[in-house]
Amino acid sequence: YGVEKSVQNTISAQFQCVGAPKLKTVCVAVLIRDKVTVPYTMTWALKRDETCTCKTKGEFRDIANSRLDMEIFEFDLITGYPVRRRKRGITANISGGFENYLGSD
């Protein structure tokens, strides 16, 4: 209790960006992470005297979920105007995210 720990993990993925004929295709990989912050209050009491208490307050922070999406933009070669935009999920090797918490040693 009371020691802050930070751990960094990596995420890697491979994806194919296949273009249609006569169009300029641009693919962008986007990492989306859901951050969670939960405030907490712990109340400590002595077993022999429950009127003797103390409180500890803090915040638990973590990455709840991570995913990779690929956005595919297609443009007309002559005008340069956008023709189509698509989005699809990417299969990735996700070994975690970033954790920041108060842990016990």
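All values derive from a computational prediction rather than experimental measurement.

Cut-offs applied
Residues numbered from 1 in each chain as written. Predicted model: local features only at pLDDT ≥ 70, side-chain atom pairs only at ≥ 80, totals over all residues. Heavy atoms only, no water. Helix = DSSP H or I, 4+ residues; strand = E, 2+ residues; numbered from the N terminus. Buried < 20%, exposed > 50% of the residue type's maximum accessible area, 1.4 Å probe, protein only. Contact = heavy atoms within 4.5 Å. Areas by Shrake-Rupley, 256 points an atom, 1.4 Å probe, with all protein chains shown as cover. Polar contact = N/O pair within 3.5 Å; in protein donor to acceptor, adjacent residues only side chain to side chain. Patch = residues over 30% accessible without salt bridge, like charges linked within 9 Å, V, L, I, M, F, W, Y side chains within 5 Å. Salt bridge = Lys/Arg side-chain N within 4 Å of Asp/Glu carboxyl O. pLDDT = per-residue confidence, 0-100. Disulfide = S-S within 2.5 Å.

(A) Looking closely at the overall build of the protein. Of regular secondary structure, the protein possesses zero helices and seven strands. Starting at the N terminus and walking to the C terminus, you meet the elements of the protein as β-β-β-β-β-β-β. Residue burial in the protein is summarised as follows: out of 105 residues, 11% are buried. Counting contacts in the protein only where the partners sit at least 6 residues apart, residues at least 24 apart contribute 64% of the total. With an accessible surface of roughly 8,300 Å², the protein has 51% of that area assigned to carbon and sulfur atoms.

(B) Representation of the side chain of Glu 71. Along the chain, Glu 71 falls in strand 4 (residues 53-76). A relative accessible area of 14% places Glu 71 in the buried class. Polar side-chain contacts of Glu 71 include one of 3.4 Å to the side chain of Arg 85. For Glu 71, the contacting residues outside a window of four places in its chain are Val 26, Cys 27, Val 28, Val 30, Arg 85, Arg 86 and Lys 87.

(C) Layout of a nonpolar patch on the surface. A grouping of Val 36, Val 38 and Phe 60 is seen on the molecular surface, where their side chains present a nonpolar patch of about 210 Å² in accessible area. Within the element layout of this structure, Phe 60 appears in strand 4.

(D) Quick peek at the pattern of salt bridges. Counting across every chain of the model gives four salt bridges. Across the pair Glu 71 and Arg 85 runs a salt bridge, and its minimum N-O distance is 3.4 Å. Placement of Glu 71 in strand 4 and of Arg 85 in strand 5 (residues 82-90) is noted, with a sequence separation of 14 residues between them. For Arg 85, a relative accessible area of 57% gives the class exposed. The salt bridge partner of Glu 74 is Arg 86, with a shortest N-O separation of 3.1 Å. Taken together, the residues Glu 74 in strand 4 and Arg 86 in strand 5 connect sequence positions 12 residues apart. Classification of Arg 86 by relative accessible area gives partly exposed; the value is 36%.

(E) Up close: the confidence of the model for the protein. Per-residue confidence for the protein averages 78 on the pLDDT scale, and 81% of its residues sit at or above 70. At the low end of the mean pLDDT range in the protein sits strand 7 (residues 98-103), at 42; at the high end sits strand 3 (residues 23-45), at 88. This stretch, residues 95-105, has a pLDDT under 50; its non-local contacts, to residues over four places away or in other chains, come to 37 contacts.

(F) Layout of the state of the cysteines. Evaluation of the coordinates by the stated rule reveals one disulfide. Note that Cys 17 is cross-linked by a disulfide to Cys 27, the S-S spacing being 1.9 Å. Classification of the bridge connecting Cys 17 and Cys 27 rests on its S-S torsion, roughly 80°, and on that basis the disulfide is right-handed. One end of the pair, Cys 17, is in the loop between strand 2 (11-13) and strand 3; the other, Cys 27, is in strand 3, with 10 residues separating them in the sequence. Summary of cysteine pairing: Cys 54 is not part of a disulfide, and the nearest cysteine sulfur, belonging to Cys 52, is at 7.3 Å. Look at Cys 54 and you get partly exposed, because its relative accessible area is 44%.

(G) How the structure looks around the environment of Ala 13. Topologically, Ala 13 is positioned in strand 2. The spatial distance from the C-alpha of Ala 13 to the C-alpha of Leu 68 is 8.3 Å, given a sequence separation of 55 residues.

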